[in-house]
Amino acid sequence: GAGVSQSPSNKVTEKGKDVELRCDPISGHTALYWYRQSLGQGLEFLIYFQGNSAPDKSGLPSDRFSAERTGGSVSTLTIQRTQQEDSAVYLCASSLQMQWRQGGYEQYFGPGTRLTVT
Amino acid sequence: DAKTTQPNSMESNEEEPVHLPCNHSTISGTDYIHWYRQLPSQGPEYVIHGLTSNVNNRMASLAIAEDRKSSTLILHRATLRDAAVYYCILRDPNAGGTSYGKLTFGQGTILTVHP
């Protein structure tokens, strides 16, 4: 079946511009996560959605970052006034709801969007 | 969050078994041990998880020490496709609050497989 898809796969933008990154999770997955991976860095958590609500936004690095999810499906991560330090691969993952299975459900990751801020 | 410690890198030959260690001496009683891997230029993929007993699936086996302070991911016959960064992650799905869903990745172990 279809996995998690993300678009665009690559995005080059000028410093100061706004960008929107899109994530289409696996159908039926109620949980959705955004992570980012900077060059030479590990993966860091950004935000977690359960349905359309975001109970954990603790990883968003600044108020320039925001995300929304509509219809319990597609999610958009928006970065306003991009800075060079925002350059990274932004990864989206989805999973079934956590608490119904001991140990949790595995997260399925998309291929990522490579963002380059010039 | 309880932390994990993994070697920075390991090497293996194709078709040989690989044992990837992970230390988690501060693991709590409700932490599950999860393994993910990230192939080059791809997002991470789930490998296996367990609590106390050893676990097997089509990809790998997970051996958990009796005191749960360490675990080992076992690839029974390494292939070139297994070359990846392997992450050992602790998750407590019963933790209070809203952050139980996220994965906290460390630096992982870079596995190189030689033909």
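Let me begin by describing the structure that accompanies this report. Treat the numbers as computed from the prediction; the structure is a model and nothing was measured.

Details of the side chain of B:Q38
Thought 1: Within the secondary structure, B:Q38 sits in strand β3 (residues 32-38).
Thought 2: Look at B:Q38 and you get buried, because its relative accessible area is 9%.
Thought 3: Polar side-chain contacts of B:Q38 include one of 3.4 Å to the side chain of B:Y87.
Thought 4: When near neighbours in sequence (up to four residues on either side) are disregarded, B:Q38 contacts A:Q37, A:L43, A:L91, B:G43, B:P44, B:A84, B:V85 and B:Y87.

Remarks on the sheet that holds strand β8 (residues 75-79) of chain A
Residue and element names in this part refer to chain A.
Thought 1: Pairing is antiparallel across the open sheet formed by four strands, whose spatial order is β1-β3-β8-β7. Strands with a single pairing partner mark the edges of an open sheet, and in this sheet they are β1 (5-7) and β7 (65-69). In this sheet, adjacent strand axes meet at a mean angle of 15° when their direction is disregarded.
Thought 2: Two strands pair when backbone bridges link them, and β1 and strand β3 (residues 19-24) are joined in this way by three bridges, in the antiparallel orientation. Pairing of S7 across the sheet is with R22, part of β3.

A closer look at the pattern of salt bridges
Residue and element names in this part refer to chain B.
Thought 1: This model, assessed by the stated rule, comprises seven salt bridges over all chains.
Thought 2: Across the salt bridge formed by R77 and E15, the nearest N and O atoms sit 3.3 Å from each other. Here R77, found in the loop between β7 (70-75) and β8 (84-91), pairs with E15, found in the loop between β1 (9-13) and β2 (18-23); they are 62 residues apart in sequence, far enough to count as distant.
Thought 3: According to the relative accessible area criterion, R77 is exposed, its value standing at 53%.
Thought 4: Its relative accessible area of 53% is what places E15 among the exposed residues.
Thought 5: We note a salt bridge from R37 to D82, for which the minimum N-O separation is 2.8 Å. Of this pair, R37 sits in strand β3 while D82 sits in the loop between β7 and β8; the two residues are 45 residues apart in sequence, bridging distant segments of the chain. Comparing R37 with D82 shows no difference in burial state: the two are buried.
Thought 6: Three or more residues joined by partner-sharing salt bridges are found here, namely R37, E45 and D82.

Overview of the pairing of β7(A)
Residues and elements named next belong to chain A.
Thought 1: For β7 and β8, the ladder comprises five bridges, and the chain directions are antiparallel. Bridged to A67 within β8 is L77.
Thought 2: Between β7 and the antiparallel strand that follows it, β8, lie five residues; G71 among them carries a positive phi value of about 65°.

Focus on the pairing of strand β6 (residues 61-64) of chain B
All names here are of chain B.
Thought 1: Alignment of strand β5 (residues 55-56) against β6, held across two bridges, turns out to be antiparallel. Residue N56 lies in a different strand from β6, and its bridge partner there is S61.
Thought 2: Connecting the antiparallel pair β5 and β6 is a turn made up of four residues.
Thought 3: Relative to β7, β6 is paired through four bridges, and the arrangement is antiparallel. Residue pairing across strands places S61 opposite I74, the latter belonging to β7.
Thought 4: Two successive antiparallel strands, β6 and β7, enclose a turn made up of five residues, where R68 displays a positive phi of approximately 65°.

Considering the sheet that holds strand β4 (residues 45-50) of chain B
All names here are of chain B.
Thought 1: With mixed pairing, the five strands of this open sheet are ordered in space as β1-β9-β8-β3-β4. Of all the strands in the sheet, the pair left with one neighbour each is β1 and β4. Strand-to-strand twist across the sheet, computed as the mean angle between neighbouring axes with direction ignored, equals 25°.
Thought 2: Pairing of β3 with β4 involves five bridges; the strand directions are antiparallel. What sits directly across from I33, in β4, is G50.

About the criteria used
Residues numbered from 1 in each chain as written. Chains lettered and ligands numbered in written order. Predicted model: local features only at pLDDT ≥ 70, side-chain atom pairs only at ≥ 80, totals over all residues. Heavy atoms only, no water. Helix = DSSP H or I, 4+ residues; strand = E, 2+ residues; numbered from the N terminus. Buried < 20%, exposed > 50% of the residue type's maximum accessible area, 1.4 Å probe, protein only. Polar contact = N/O pair within 3.5 Å; in protein donor to acceptor, adjacent residues only side chain to side chain. Contact = heavy atoms within 4.5 Å. Pairing = 2+ DSSP bridges. Axes fitted to C-alpha atoms, helices over the stretch in contact; angles between N-to-C directions. Salt bridge = Lys/Arg side-chain N within 4 Å of Asp/Glu carboxyl O.

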